[in-house]
Every structure is written in C-alpha cells, then in structure tokens.
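Remarks on the overall topology
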Amino acid sequence: QVQLVESGGGLVQTGGSLRLSCAASGSIFSINTMAWYRQAPGKQRDLVASITSHYYQNYADSVAGRFTISRDNAKNMVYLKMNNLKPEDTAVYYCNAVPPNPGYWGKGTLVTVSS
C-alpha cells in the first residue's frame, strides 16, 4: 500500500517562499509521474506541477516561473519549491501520481499566504 505524507506548509507573507516535501513509500517512484495538487477553500483540486521519471517538468500557468518541482528517487521524495508566493496560492497542497490514484491521497499540507 502506497502512502504519501506531505509537509512543509505554513503561514508566509506575500512574496515569501516555502519548500514542500512529499515522502512516499512503495515503488511508485520508479514508474510514475508525480505531481503536486492544491485545493483552495470552496474550489476543486487542481494540478500545480508534475515531474516524470525522466525529470520532465510541467507547470500550471498560474505558478510557472515561481514554483519548481523536483524529485529524489533514492530517497522516495518529491519537493515543491515555491517562490514569490501570492495570496491566491493559499490552499492545501497534496502530492499524488498522474493521473491521481484515489488511494494515494494524504492529508496534505496547508499553505497560507497573507497579504
């Protein structure tokens, strides 16, 4: 059973930075594209950034140029470095595969950006 645990969220001012981490168990990293998703209050969960097993990255237009996704297969970790944060980035951030596996959703980590 694959488990994903997100961490690194918190409260930050506009323009600040955070680094999110996703720790995975199981063999997901050798074969799957991983991604970060986020869900703002009252909104649907959206894909923010993805990275393939060959390290090809893709970003939502709203975060391109500000966020960087990375992965460390040896450590079974996925990271999301977020710079120049904006209030509209406030959300619970989750990691999962692409397409997302319903059984992989963790509790997420809350990012709050104050104006």
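Here's what I pulled together on the structure shown here. (Residues numbered from 1 in each chain as written. Predicted model: local features only at pLDDT ≥ 70, side-chain atom pairs only at ≥ 80, totals over all residues. Heavy atoms only, no water.)

Turning to the side chain of Arg38, a few remarks are in order. Locating Arg38 in the fold gives a position in strand 4 (residues 34-39). Polar side-chain contacts of Arg38 include one of 3.5 Å to the side chain of Ser62. A polar atom in the side chain of Arg38 sits 2.9 Å from the side chain of Asp89. (Helix = DSSP H or I, 4+ residues; strand = E, 2+ residues; numbered from the N terminus. Polar contact = N/O pair within 3.5 Å; in protein donor to acceptor, adjacent residues only side chain to side chain.)

Alternating positions in strand 7 (residues 67-72) separate cleanly, Phe67, Ile69 and Arg71 being buried on one face and Thr68, Ser70 and Asp72 remaining unburied on the opposite face. Counting the residues that bridge the hairpin from strand 7 to strand 8 (residues 77-82) gives 4 residues, and of these Asn76 lies at a positive phi of roughly 55 degrees. (Buried < 20%, exposed > 50% of the residue type's maximum accessible area, 1.4 Å probe, protein only. Pairing = 2+ DSSP bridges.)

With that settled, the discussion passes to unusual backbone geometry. The amide bond that connects Val98 to the next residue, Pro99, takes the cis arrangement and shows omega of -5 degrees. Turning to its location among the elements, Pro99 is positioned in the loop between strand 9 (91-97) and strand 10 (109-114). Positive phi values are uncommon outside glycine, yet Tyr55 reaches one of about 75 degrees. Topologically, Tyr55 is positioned in the loop between strand 5 (45-51) and strand 6 (57-59). Located in the positive-phi region is Asn84, a residue other than glycine, with phi close to 50 degrees.

A few words on the packing of aromatic side chains. Summed over the entire model, instances satisfying the criterion amount to 2 aromatic pairs. Look at Tyr37 and Trp105: their rings are 5.2 Å apart centre to centre, the planes differ by 75 degrees, and that puts the pair in the edge-to-face class. Of this pair, Tyr37 sits in strand 4 while Trp105 sits in the loop between strand 9 and strand 10; the two residues are 68 residues apart in sequence, bridging distant segments of the chain. A centroid spacing of 5.7 Å and a plane angle of 80 degrees characterise the contact between Tyr94 and Trp105, whose relative ring orientation is edge-to-face. Of this pair, Tyr94 sits in strand 9 while Trp105 sits in the loop between strand 9 and strand 10, and the two are 11 residues apart along the sequence. Residue classification places Tyr94 among the buried positions, given a relative accessible area of 10%. Judged by relative accessible area, Trp105 falls into the partly exposed class, the value being 29%. A connected cluster of aromatic rings, assembled from ring pairs, spans Tyr37, Tyr94 and Trp105. (Phe/Tyr/Trp six-rings, centres within 6.5 Å; stacked < 30°, edge-to-face > 60°.)

Read across the open sheet, the 6 strands follow the order 2-10-9-4-5-6; overall the sheet is mixed. The open sheet has two edge strands with one neighbour each: strand 2 (10-13) and strand 6. Strand after strand, the sheet turns through a mean of 30 degrees between neighbouring axes, direction not considered. (Axes fitted to C-alpha atoms, helices over the stretch in contact; angles between N-to-C directions.)

Before going further, it helps to spend a moment on the side chain of Arg66. Within the secondary structure, Arg66 sits in the loop between strand 6 and strand 7. Here Asn84 takes part through its backbone oxygen, which lies 2.9 Å from a polar atom of the side chain of Arg66. When sequence neighbours within four positions are dropped, the list of residues in contact with Arg66 reads Lys81, Met82, Asn83, Asn84, Leu85, Lys86 and Asp89. (Contact = heavy atoms within 4.5 Å.)

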